[in-house]
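Read off the chains here:
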Amino acid sequence: VQLQASGGGLVQPGGSLRLSCAASGSIFSLNNMGWFRQAPGKQRELVALITSGGSTGYADSVKGRFTIPRDIAKNTVYLQMDSLKPEDTAVYYCNARSFDLVTIYWGQGTLVTVSS
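For clarity, every value in this text was computed on a predicted model and none was experimentally measured.

A few points about the packing of aromatic side chains
One pass over the full model with this rule turns up two aromatic pairs. Ring centres of F36 and W106 lie 5.1 Å apart, and the angle between their planes is 65°; this geometry places the pair in the edge-to-face category. Note that F36 is positioned in strand 4 (residues 30-38) and W106 in strand 11 (residues 104-106), a separation of 70 residues in sequence. Between Y93 and W106 the ring centres are 6.3 Å apart and the planes differ by 90°, which places this aromatic pair in the edge-to-face class. In this pair, Y93 sits in strand 10 (residues 90-98) while W106 sits in strand 11, placing the two residues 13 residues apart along the sequence. Note on Y93: relative accessible area 17%, which makes it buried. A network of ring pairs unites the aromatic residues F36, Y93 and W106 as a single cluster. In this structure, R18 packs its charged tip against the face of Y78, placed 4.2 Å from the ring centre. One residue, R44, lies across the ring of Y93, its end atom 3.7 Å from the ring centre.

Here's what the structure looks like:
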């Protein structure tokens with residue numbers, strides 16, 4: 001499975017941005033998909049997750065501001081980011097796990113910068 005992430009950029013505080021992660025195969029072949037981020041000098045952290053069944057989970061720091069919708073027909077998962085804060089600045093990575101949870105796939109990172 002290959003993951004193609006896109007959509008990063010520069011946005012002002014309070015603004016919105018949507019990231020996309022397109023999988024090369026059916027997302028139903030995957031146990032879950034998610035988004036991680038890594039800020040300079042910090043560890044990579046899980047931001048949002050969606051299971052094959054559609055259940056979602058979010059880091060406390062983004063609850064109420066980020067959502068992780070998906071388009072099954074396009075094999076694509078999104079990260080909708082609203083009310084962005086400077087502390088959301090990071091490289092965002094798309095992630096997926098195989099159905100048996102053994103294999104982990106990563107997309108290339110996409111930089112999100114929140115600054116005025």
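Still to come is the rest of the account.
Points about the confidence of the model for the protein
The predicted model of the protein has a mean per-residue pLDDT of 95, with 100% of residues at 70 or higher. The secondary-structure element of the protein with the lowest mean pLDDT is strand 8 (residues 70-71), recorded at 94, while strand 7 (residues 66-67) shows the highest, at 98.

Here we look at the nonpolar core
Formed by 30 residues in total, the largest nonpolar core has its most connected members in L3, M33, W35, F66, L79, M81 and Y92. If you list the elements that add at least two residues to this core, you get strand 1 (3-6), strand 3 (17-23), strand 4, strand 5 (45-51), strand 9 (76-81), strand 10 and strand 12 (110-114). When near neighbours in sequence (up to four residues on either side) are disregarded, F66 contacts R37, V47, Y58, L79, Q80, M81, D82, L84, D88 and Y92.

A closer look at the pairing of strand 5
As paired elements, strand 4 and strand 5 share six bridges and run antiparallel to each other. When the sheet's bridge partners are listed, W35 is paired in strand 5 with A48. Adjacent in sequence and paired antiparallel, strand 4 and strand 5 are bridged by six residues, among which G41 carries a positive phi angle near 75°. As paired strands, strand 5 and strand 6 (residues 56-58) are joined by three bridges and run antiparallel to one another. Within the sheet, the bridge partner assigned to L49 lies in strand 6 and is G57. From the end of strand 5 to the start of strand 6, which pair antiparallel, there are four residues, and G54 there has a positive phi angle of about 100°.

Thoughts on the pairing of strand 4
The element strand 4 is extensively covered by neighbouring structure, given that seven of its nine residues are classed as buried. Both strand 4 and strand 10 contribute to a ladder of eight bridges, which runs antiparallel. Looking across to strand 10, one finds that R37 is bridged to Y92.

With respect to the state of the cysteines
Counted under the stated rule, the structure contains one disulfide. At a sulfur-sulfur separation of 1.8 Å, the disulfide partner of C21 is C94. Between C21 and C94 the disulfide shows an S-S torsion of about -75°. By sign, it is left-handed. A residue pair is termed long-range when its members are at least 10 positions apart, and C21 in strand 3 and C94 in strand 10 qualify at 73 residues. The burial state of C21 is the same as that of C94; both residues are buried.

Reading the values: the criteria
Residues numbered from 1 in each chain as written. Predicted model: local features only at pLDDT ≥ 70, side-chain atom pairs only at ≥ 80, totals over all residues. Heavy atoms only, no water. Phe/Tyr/Trp six-rings, centres within 6.5 Å; stacked < 30°, edge-to-face > 60°. Helix = DSSP H or I, 4+ residues; strand = E, 2+ residues; numbered from the N terminus. Buried < 20%, exposed > 50% of the residue type's maximum accessible area, 1.4 Å probe, protein only. Lys NZ or Arg CZ within 6 Å of the ring centre and 35° of its normal. pLDDT = per-residue confidence, 0-100. Core = buried A, V, L, I, M, F, W, Y, C linked by side-chain atoms within 4.5 Å. Contact = heavy atoms within 4.5 Å. Pairing = 2+ DSSP bridges. Disulfide = S-S within 2.5 Å.

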